[in-house]
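A structural walkthrough
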Amino acid sequence: MLTVCPYFHVHQPFRVKRYRVFDIGNDNEYFNEDSETDLNNRRIVEKVANKSYRPTNKILQELLDNHEDFRFALSFSGTALEQFEKYTPDVLESFQKLVASGRVEILADTYHHSLAFFYSVPEFERQVKQHENKIKSLFGVTPRVFRNTELSYRNDLAKWCEDNGYLGIMAEGWGKYLGWRSPNFLYQPPACGKIKVLLKNYKLSDDVAFRFGNRGWESWPLTADTYAGWIHSHHGNGQTINLFMDYETFGEHQWEDTGIFDFLRSLPSVLTQHPDTTFKTPTETVLSYDAVGVIDVPEILTWADTDRDLTAWTGNDIQRDAINATYGMESQVLQTGDENIIETWRKLQTSDHFYYMCTKWSNDGDVHAYFSPYQSPYDAYIAFMNALSDLQLRVNRINQTLVVEQSVTDVSVAEVEIEEVIREKLRVEEESEETPVVSWWLRLKSSLKSWFMKIPFFSNSRKRD
Amino acid sequence: MEEAYRFANQAALIAEDEDFDIIHAHDWVAYLAGVSAKRVSGKPLILHVHATSYDQAASDNVDPGILKIEKECFQEADKIVTVSNFTKDIIVNKHGVDPKKVEVVHNGCDVTEPPRHATTLRGLKEQGKKIILYHGRITIQKGVDYFVSAARRVVDVDPNVVFVISGSGDMAHRIMHQVGSMSLSKNVIFAGALWGEDRDRMYQSADLLVMPSVSEPFGLVPLEALQHGTPALISKQSGVAEVMIHVLKVDFWDVEEMANKILATLRYPVMREQMVQEGKRSLFTISWREAANKVIQLYRNLLK
């Protein structure tokens, strides 16, 4: 028995528009580019819907209707789902219909396609929860197998998943950690008792995802028969063939003229012609097989580039600066309690923003250039940092107000209107001690002096005196 | 113009006497000489284009005499080398040259580490002023007027920025007038034409070099600035933009974006440092050796 476990990842980020230094403090919208460029999120989603989501879902639906064995998994970023709701509701409906078949599993993920686990576990947990709620409300299911952004993985992430009740987690089947062993079995992370790791067969996955349309490739043009033969050759030395790839492989990364749709359409029937070959979802896979050994991944492993690490996101100084600045704002952002601010901050955590700043211009670099809507990594960094500066400004403004409100309530000066204190606070900035001020303010000030001195604003204005 | 014809006469005489395999002529002053040497000797001719009449004039008022020489000589050449795709596009579109005849050989740059000098404009630096440098001729081709317009936009946001214009040229008077009319006298310094150590000192003192050229066949200035540890903002209408990744690029006419990028460079020091570090490393890939190898290959192919 050999089972095939296909899994397609659906993601669209909210790209930051060309946000200029002059916009800081004047424009609170970062994702609403309306020009005819690739920074226009609506335009991109509509384009990819036409090239990929609509035709591919149509084929997947036909396959589900015609092959009762066919099953697969999808993962969605919340940022993609939001954009489908907003720009292409028919695409969302077609996904809902696929899932309603009961043979399409949805995986757990971070809502914002972020790298939060490696920067702030509490923030990561909030995003996973947000994702779970979104999936529940749109599809009526609760994911049981976890996949993290860019298939990033580490021992402690697996442990977290086990502690939080997930049955399985996905990772790249990379030789550095597998050694001589095969990715076509399930493994167990160290220090875990129940959770199993599903490893991507990157050779077979990337034959479709990266090489399918490459005319210089020795196996071009790849037919479903040849490909099924490669999979069947694992009978007897494997249990599950895990084919993990971007959903957009179909029609967007590999265009229609490569023949990718015909390939997808014919693969299930060709595969199941072999009597002992069928499909399983990740949960079914995990429940069907035992782990054959322990896989120890102490460092971050991803499915990206030839390095299989995070260097495409955090490999250079501007990337690290941007990502550290973003996560460095966490406590201040949360302190605002402002839903819009918090959600905007999270949308800025989407890993794509940092990917666009990548300067690894080797063979991999070409891929980055292709996937970036910006003309240069520096343009990406400038737009992002300007937007983040504006967000920081908004956060500061709200938190300053909150501090004043807090000190006033603490000493129970009930008769003093909060708004008036704030207004006065702003006026004092311009005035010196000698300027005549209303007497109630002096009385209030002396009574509140110790409180106000804790606020940086007031200690500063005193220094100026 | 007369000079060019005199060269042509001399070249014909030399070509009659000397033994050689290939004629390689650089810039329009030598094109006619190359052509007459070819006529006399029948040897293959390469014309090497470092600039065209369209660059000098920034597309208006192209000198008809030079344009005529360019067009006629390009027709006679066996191969034409341009220093960038940018220039190749010009001679294909404006001079009607067959693109198959044109080979692009990007210029290289010197990668020896220059000596560090004491900073210039120390008084300004001590006051915490930021220095944005323009270095080059002050002519219509160089886009200095766009630089000044961007300066106005920058100073509106950050009055702590000083713009240094180093160079001279037939547009200097007009630029001074523009500075005055835009009330920028406090923020713009005319340094005159700087050379040698004075120029290097200025490169090293600047926080950013701007090359706002309207039309620049290659443009070595940003590479020189990088060698001195200063990042660059360059116009997309330049050949060097094709080979440089770690610089900021902008359309010369997009004053708003030019100002945005100047301000961003000052706001985000991490970016500035990375552009210098990675940019300096990338200079090694733009070496004269590589340019020379391409030219040698071209010679070999012509002699086959």
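1. Considerations on the sheet that holds strand 2 (residues 45-49) of chain B
Residues and elements named next belong to chain B. The strand order across the open sheet formed by four strands is 1-2-3-4, and the pairing between neighbours is parallel. Looking along the sheet, the strands with just one partner apiece sit at the ends: strand 1 (23-26) and strand 4 (102-104). Averaged over all adjacent pairs, the angle separating strand axes in this sheet is 25°, with direction ignored. Where strand 3 (residues 79-82) and strand 4 come together, three bridges link them in parallel fashion. From the neighbouring strand, Thr82 faces strand 4, where its bridge partner is Val104.

2. As for the domain arrangement of chain B
Residues and elements named next belong to chain B. We note that the domain assignment places domain 1 (2-108 + 288-303) and domain 2 (122-264) within chain B. Facing the 15 residues of domain 1 at the interface are 14 residues of domain 2. Across the domain 1 to domain 2 interface the summed buried area is about 1,100 Å²; carbon plus sulfur atoms make up 62%. Those elements that provide at least two residues to the side of domain 1 that touches domain 2 are helix 3 (53-56) and helix 5 (85-93). Looking at the side of domain 1 that touches domain 2 residue by residue, the classes come out as six nonpolar, eight polar and one charged.

3. Considering empty space enclosed by the protein
Residue and element names in this part refer to chain A. Under the criterion given, the structure shown has one cavity of 30 Å³ or more. Considering only enclosed or pocket space, the largest cavity measures out at about 140 Å³ in volume. Pro6, Phe8, Leu243, Leu264 and Leu267 are the residues nearest the centre of the largest cavity, which is lined by 14 residues in total. Residue assignment for the lining of the largest cavity shows that the elements contributing at least two residues are strand 1 (2-10), strand 8 (240-246) and helix 9 (260-272). The dominant element in the lining of the largest cavity, judged by the number of residues it contributes, is helix 9, at four residues. Each residue belonging to the lining of the largest cavity can be placed in one class, and the counts come to 14 nonpolar, no polar and no charged.

The rules behind each value
Residues numbered from 1 in each chain as written. Chains lettered and ligands numbered in written order. Predicted model: local features only at pLDDT ≥ 70, side-chain atom pairs only at ≥ 80, totals over all residues. Heavy atoms only, no water. Pairing = 2+ DSSP bridges. Helix = DSSP H or I, 4+ residues; strand = E, 2+ residues; numbered from the N terminus. Axes fitted to C-alpha atoms, helices over the stretch in contact; angles between N-to-C directions. Domains from an automatic or database assignment. Contact = heavy atoms within 4.5 Å. Buried area = accessible area lost by both parts, 1.4 Å probe. Nonpolar A, V, L, I, M, F, W, Y, C, P; charged D, E, K, R; others polar. 1 Å grid on protein atoms, 1.4 Å probe; cavity = no way out; pocket = protein on both sides within 12 Å on 5 of 7 lines; lining within 4 Å. Points joined across faces, edges and corners; volume = space filled by probe spheres on them.

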